[in-house]
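Per-entry structural report
So the chains spell out like this:
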Amino acid sequence: MELRVGPDGLLRCGWVGDDAEYRRYHDEEWGRPLHGDRALFEKMSLEGFQAGLSWITILRKRPRFREVFAEFDPVTVAAFDEADVDRLMADAGIIRNRAKILATIGNARLVTEMAPGELDAFMWSFAPASHRRPETFAEVPATTAESDAMSKALRGRGFRFVGSTTMYALMQSTGMVDDHVNGCHRAGG
């Protein structure tokens, strides 16, 4: 289903379904420009944790992720040690994947090596100059030349769990591209 009518009578992208948290996320966050090193580090981290899972799983666990990862403050997360890794691995409120936890800590260390605002400018430099709104979800790509380039550049700097598909999802969620299908009440807004 390309579009779905919500309980409030608004047309939304069909992936939202009937879940209230998904509706809120779709209406208030997905596709809206997101800036700031901390905010983008959080989004990069959560998108990395999402790999292989559904986004609703991450949304439901996001408050706990924020709590145990110090609101995704890169300086604090960069200082995490093996005791913190053990603490995180024991926390059922998050995705307990050692490789993803270690990648988040390592990525935080890389962010702290950047000048303030550099991560934001770097990531947004890959936003396409133009983007055609999809008519259907079948038209929404899993990757693009821009997400390929972003992924390659991030990996070249040492970042992990930043594959092209993950970076395209980040581009969608941070408003670097707007993939609300035509007819959705958020399309173009």
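This text goes with the structure placed above it.
Residues numbered from 1 in each chain as written. Predicted model: local features only at pLDDT ≥ 70, side-chain atom pairs only at ≥ 80, totals over all residues. Heavy atoms only, no water.

Here we look at the overall build of the protein
Tallying secondary structure elements over the protein gives 9 helices and 2 strands in all. Each helix and strand of the protein, ordered N terminal to C terminal, gives the series β-β-α-α-α-α-α-α-α-α-α. Taken over C-alpha atoms, the radius of gyration comes to 17 Å for the protein, in line with the 16 Å a tight globule of 189 residues would show. With respect to the principal axes defined by its C-alpha atoms, the protein has extents near 50 × 35 × 25 Å. Burial analysis of the protein (189 residues in total) assigns 49% to the buried set. Excluding contacts between residues fewer than 6 apart, the proportion of contacts in the protein whose partners are at least 24 apart in sequence is 65%. (Helix = DSSP H or I, 4+ residues; strand = E, 2+ residues; numbered from the N terminus. Rg over C-alpha atoms; globule rule 2.2 N^0.38 Å. Buried < 20%, exposed > 50% of the residue type's maximum accessible area, 1.4 Å probe, protein only. Contact = heavy atoms within 4.5 Å.)

A closer look at helix α3 (residues 55-68)
Over its 14 residues, α3 runs 19 Å from end to end, which matches the ideal 20 Å to within 8%, given 1.5 Å per residue. At Lys61, α3 shows its largest kink, close to 55°, and the proline Pro63 lies no more than four residues downstream. In this structure, the buried residues of α3 make contact with α1 (20-28), α2 (37-50) and α5 (82-89). Following α3 by one or two positions, Ala70 has its phi on the positive side, about 50°. (Expected span 1.5 Å × (residues − 1). Bend = angle between axes of the 7 residues up to and from the residue.)

Looking at the packing of aromatic side chains
Under the counting rule described, the total for this entry stands at 10 aromatic pairs. Seen in terms of ring centroids, Trp15 and Tyr22 are 5.2 Å apart; in terms of plane orientation they differ by 85°. Their pairing is edge-to-face. You can call Trp15 partly exposed: its relative accessible area is 26%. Over the ring of Phe80 we find Arg87, and its NZ or CZ is 5.2 Å from the ring centre. Above the face of the Phe122 ring, Arg157 is positioned so that its terminal group lies 4.1 Å from the ring centre. (Phe/Tyr/Trp six-rings, centres within 6.5 Å; stacked < 30°, edge-to-face > 60°. Lys NZ or Arg CZ within 6 Å of the ring centre and 35° of its normal.)

Here's the deal with the packing of α2 against helix α9 (residues 164-173)
The relative placement of two packed helices is expressed as an angle between their axes plus a distance between the axes. In the contact formed by α2 and α9, the axes pass within 10 Å of each other and the chain directions differ by 130°. On the basis of the axis angle, α2 is oblique to α9. Judged by the sense of rotation from one axis to the other, the crossing of α2 with α9 is right-handed. Contacts from Lys43, Met44, Glu47 and Gly48 in α2 reach Thr166, Met167, Ala169, Leu170 and Ser173 in α9. Class assignment for the residues of the contact of α2 with α9 results in 4 nonpolar, 3 polar and 2 charged. (Axes fitted to C-alpha atoms, helices over the stretch in contact; angles between N-to-C directions. Parallel < 35°, antiparallel > 145°, perpendicular 65-115°, else oblique. Left-handed = near helix turned anticlockwise from the far one by under 90°. Nonpolar A, V, L, I, M, F, W, Y, C, P; charged D, E, K, R; others polar.)

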